[in-house]
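Observations on chain architecture
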Amino acid sequence: MLSRTSRALSKHWQHARAFSAVPDTMIAAVIRETGPSSNMKIEKDYPTPKLAPGGVIVKNKYSGINFIDTYHRSGLYKRELPFIGGQEGGGEIAAASPEAIAQGVKVGDRVSYSSVFQTYAQYTAVPASKVITVPESVPLDVAVSCGVQGMTAHYLTHSAHAGLVKPGEWMLIHGTGSGTCQWAAQMAKLRGYKVIGTCSKSKEDIARATGVDELIVYDEAPGTSYEDYTSVDLVPRVMEITKGEGVKAVIDGIGLATYETSIDVLARRGIFVSFGNASGAVPAFPPLKFINKSGYLTRPKLNDYTVTREELMERANDIFGWIASGKLQVAVDRCFPLEQAVEGHDYLEAGRSRGKVLYSIPQ
């Protein structure tokens, strides 16, 4: 039987495994009013989140910057105010609930996570089911880059098309020179699809490095790094490449500027996967647009494709395995200090990114 002293020591060490030093306040990039990037302010005394049952507190080293963050900040996607920006990050577990410890995570673990709000901050409360332990072979900034963009690219190329495209058939992926679709193009090739990519002239080298079978290169809109989607007549070019058949799937994160041509290039019973709004939101349109080829439409989101921890880890293990084997190349383009939160959003929204954009979080 344990002595009173032994039991006290045991409780002490259990407590030490569950908690490290977590302060009451922290540095965070906070939105108190939606609007332009300048509405995002750095606050140095924002309350640190509390540990919830089944959760952990992660001391962030990096937070990813994604287009969906700009939609929240601008008010396109509604959030309760005030809120901290971001929804992916990574660092070290600073506190763990008993339920989290029972799931095999502990204080000191090196982890990444995504689909969790309020990550532009020193600390984030994360459900243990969302935590991914990062292998030592994968740098932490790369692991954080795998969060929203890598996981999104995985479900887009593996699941969202509902099996309507088969290996050896054509897929069109817009914007293969930056962000999520750099990943998607590589994963689509790993799946055995024939891929047509699009990009701007300034990102042609990046897009070609993804291994796409065909690449359509647009001029850039004056004063930007964005594609001028009027500079190439996309539909006849795609039909020429596919010998008049069209593509069985389109992966489109551009939105307003491309949705009509995305529909027009579909093959019979092809699927339009509309997952983003980089050029603006897609407006409502009549389903009759799909009648010519009996086409399909889906507007997916990541949370619905990482519903269980098993699904999350299946996707993560694929991605980390491809990175370790050299089959998947991950480009971290820029890492802004959190104090430059506004500049990070401006950089992404200007279309200047050539890979993943991150914030480094003050330690």
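Here, the structure is the one placed above.
In what follows, the accompanying structure is described. (Residues numbered from 1 in each chain as written. Predicted model: local features only at pLDDT ≥ 70, side-chain atom pairs only at ≥ 80, totals over all residues. Heavy atoms only, no water.)

Let us now look at helix H2 (residues 67-74). Each α-helix winds once per 3.6 residues, and so residues spaced three or four apart point in a common direction. Within the sequence span of H2, burial applies to Asp-69, Thr-70, Tyr-71, His-72 and Arg-73. Along its buried surface, H2 packs onto strand S1 (25-31), strand S3 (55-64), strand S4 (83-84) and helix H10 (341-349). Just downstream of H2 lies Gly-75, where phi reads positive at about 100 degrees. (Buried < 20%, exposed > 50% of the residue type's maximum accessible area, 1.4 Å probe, protein only. Helix = DSSP H or I, 4+ residues; strand = E, 2+ residues; numbered from the N terminus. Contact = heavy atoms within 4.5 Å.)

Looking at where Val-30 falls in the secondary structure, it is placed in strand S1. The class of Val-30 is buried, set by a relative accessible area of 1%. Each C-alpha atom of the pair Val-30 and Thr-133 lies 28 Å from the other, and the pair is 103 residues apart in sequence. With residues up to four places along the chain from it excluded, the contact list for Val-30 reads Asn-39, Met-40, Lys-41, Glu-43, Tyr-46, Pro-82, Phe-83 and Ile-84.

This paragraph deals with the packing of aromatic side chains. Two aromatic rings are characterised by how far apart their centres lie and by the angle between their planes. Tallied over the full model, the rule gives 7 aromatic pairs. Ring centres of Tyr-218 and Tyr-229 lie 5.0 Å apart, and the angle between their planes is 65 degrees; this geometry places the pair in the edge-to-face category. Here Tyr-218, found in strand S11 (residues 214-218), pairs with Tyr-229, found in the loop between S11 and helix H7 (234-241); they are 11 residues apart in sequence, far enough to count as distant. For the pair shown, Tyr-218 and Tyr-229 are each scored as buried. Ring geometry for Tyr-259 against Phe-285: centres 5.6 Å apart, planes inclined by 25 degrees, an arrangement best described as stacked. In this pair, Tyr-259 sits in helix H8 (residues 259-264) while Phe-285 sits in the loop between strand S13 (266-274) and strand S14 (296-298), placing the two residues 26 residues apart along the sequence. An aromatic cluster is built from Tyr-259, Phe-285 and Phe-290, whose rings are joined through pairwise contacts. For Arg-79, the ring lying beneath its charged end belongs to Phe-117, and the centroid distance is 3.8 Å. (Phe/Tyr/Trp six-rings, centres within 6.5 Å; stacked < 30°, edge-to-face > 60°. Lys NZ or Arg CZ within 6 Å of the ring centre and 35° of its normal.)

In the contact formed by helix H4 (residues 140-158) and helix H9 (residues 309-325), the axes pass within 10 Å of each other and the chain directions differ by 110 degrees. Taken together, the axis directions place H4 and H9 in an arrangement best described as roughly perpendicular. The element H4 and its partner H9 pack so that their crossing is right-handed. On the side of H4, the interface is formed by Val-142, Ala-143, Cys-146, Gly-150, Met-151, His-154, Tyr-155 and His-158, while H9 contributes Leu-312, Arg-315, Ala-316, Asp-318, Ile-319, Phe-320, Trp-322 and Ile-323. Taken together, the residues of the contact of H4 with H9 break down into 11 nonpolar, 3 polar and 2 charged. (Axes fitted to C-alpha atoms, helices over the stretch in contact; angles between N-to-C directions. Parallel < 35°, antiparallel > 145°, perpendicular 65-115°, else oblique. Left-handed = near helix turned anticlockwise from the far one by under 90°. Nonpolar A, V, L, I, M, F, W, Y, C, P; charged D, E, K, R; others polar.)

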